[in-house]
Amino acid sequence: RQPTNIPRTSLFLFDQVVPLIDPSRVTWPDDGMHKDKDGLTFDLVVQWIEAGRVVIANVMEGHHFVLAVGASDDGDTIVVHDPGFDVSNYSYSSDVVGFRIFDMS
């Protein structure tokens, strides 16, 4: 069943991509839960993204999750796919409150 409360631009994800994800290839690693930044540095998060880890950033004071897909060279901006809002980036220092990390094989 397709959700009806998401922006039209996000429907591609549900229609085209989600059915292709094999759940047996997704793992929740020991370092996957970060309810806050626990001393995580911007550089470490960028390394995870570049290594192909699935990095989910918790934003909006912990009320919203987005897929982190890159970072800018300013040392603070995380580039995201935001399924709920027309936002393409968030500030690591002032917007991100935590992370969830997944690995895919």
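The structure reproduced in this document is the subject of the present report.

Calculation notes
Going along each chain's sequence as written, the residues are numbered from 1 onward. Reporting of local features is limited, given that this is a predicted model, to residues whose pLDDT is at least 70; pairs of side-chain atoms are given and counted only at 80 or more, and all residues count toward the totals for whole chains, interfaces and linings. With hydrogens and water set aside, each side-chain value is computed from the structure's full complement of heavy atoms. For the exposure calls, accessible area comes from a 1.4 Å probe over protein chains only, and a residue counts as buried if that area is under 20% of its type's maximum, exposed if over 50%, partly exposed in between. Note on conventions: DSSP H or I runs of at least 4 residues are helices, E runs of at least 2 residues are strands, and numbering of each starts at the N terminus. The arc refers to the directions leading from the helix axis to the C-beta atoms. Here a residue-residue contact requires only that any non-hydrogen atoms of the pair lie within 4.5 Å. Put simply, buried Ala, Val, Leu, Ile, Met, Phe, Trp, Tyr and Cys residues joined by side-chain atoms within 4.5 Å make one nonpolar core. At least two bridges found by DSSP between two strands is the condition for calling them paired. We define a polar contact as two N or O atoms separated by no more than 3.5 Å, with the added condition that, inside protein, one atom must be a possible hydrogen donor and the other a possible acceptor, whereas residues neighbouring each other in sequence contribute only through side-chain atom pairs. Salt bridges are identified by distance alone: a Lys or Arg side-chain nitrogen within 4 Å of an Asp or Glu carboxyl oxygen.

Among the residues making up helix α2 (residues 42-50), those that are buried are Phe42, Val45, Val46, Trp48 and Ile49. The buried residues of α2 occupy an angular sector of 155 degrees when the element is viewed end-on, so they sit on one face. Across α2 from its buried face, at more than 90 degrees, point the exposed residues Asp43 and Glu50. Structurally, α2 contributes buried residues whose contacts are with β2 (33-34), β3 (54-59), β4 (64-71), β5 (77-81) and β7 (98-104). Positioned one or two residues after α2, Gly52 has a phi angle of 90 degrees, which is positive.

Attention now moves to the nonpolar core. Most often, soluble globular proteins keep nonpolar side chains buried together rather than apart. Of all hydrophobic cores here, the largest spans 18 residues; its most connected members are Val45, Val55, Ile78, Tyr92 and Phe99. Mapped by element, the contributors of at least two residues to this core are α2, β3, β4, β5 and β7. The greatest single-element share of this core, amounting to 5 residues, is contributed by α2. In this view, Val55 contacts Val45, Trp48, Ile49, Val66, Leu67, Ala68, Phe99, Arg100 and Ile101; residues no more than four positions away in its chain are not counted.

Quick look at the pairing of β4 now. Where β3 lies against β4, 5 bridges are found, and the strand directions are antiparallel. The residue bridging Val55 from the neighbouring strand is Ala68, located in β4. Hairpin geometry of β3 and β4 is characterised by an intervening segment of 4 residues between the two adjacent antiparallel strands and by a positive phi of about 55 degrees at Met60. By the bridge criterion, 4 bridges tie β4 to β5 in an arrangement that is antiparallel. When the sheet's bridge partners are listed, Ala68 is paired in β5 with Val80.

What follows covers the side chain of Thr77. Among the secondary structure elements, Thr77 is positioned in strand β5. There is a polar contact of 2.6 Å between the side chain of Thr77 and the side chain of Asp74.

This model, assessed by the stated rule, comprises 2 salt bridges. Arg53 is the partner of Asp31 in a salt bridge, and the nearest nitrogen-oxygen pair spans 2.8 Å. With Asp31 in the loop between β1 (26-27) and β2 and Arg53 in the loop between α2 and β3, this residue pair connects regions lying 22 residues apart in the sequence. Taking the relative accessible area as the measure of exposure, Asp31 reaches 30% and is therefore partly exposed. Among the residues examined, Arg53 registers a relative accessible area of 16% and is labelled buried. Asp103 serves as the salt-bridge partner of Arg53, at 2.6 Å between the closest nitrogen and oxygen. Of the two residues, Arg53 sits in the loop between α2 and β3 while Asp103 sits in strand β7, which places them 50 residues apart along the sequence. Judged by its relative accessible area of 22%, Asp103 falls in the partly exposed class. Here the salt bridges share partners, and the residues they tie into one network are Asp31, Arg53 and Asp103.

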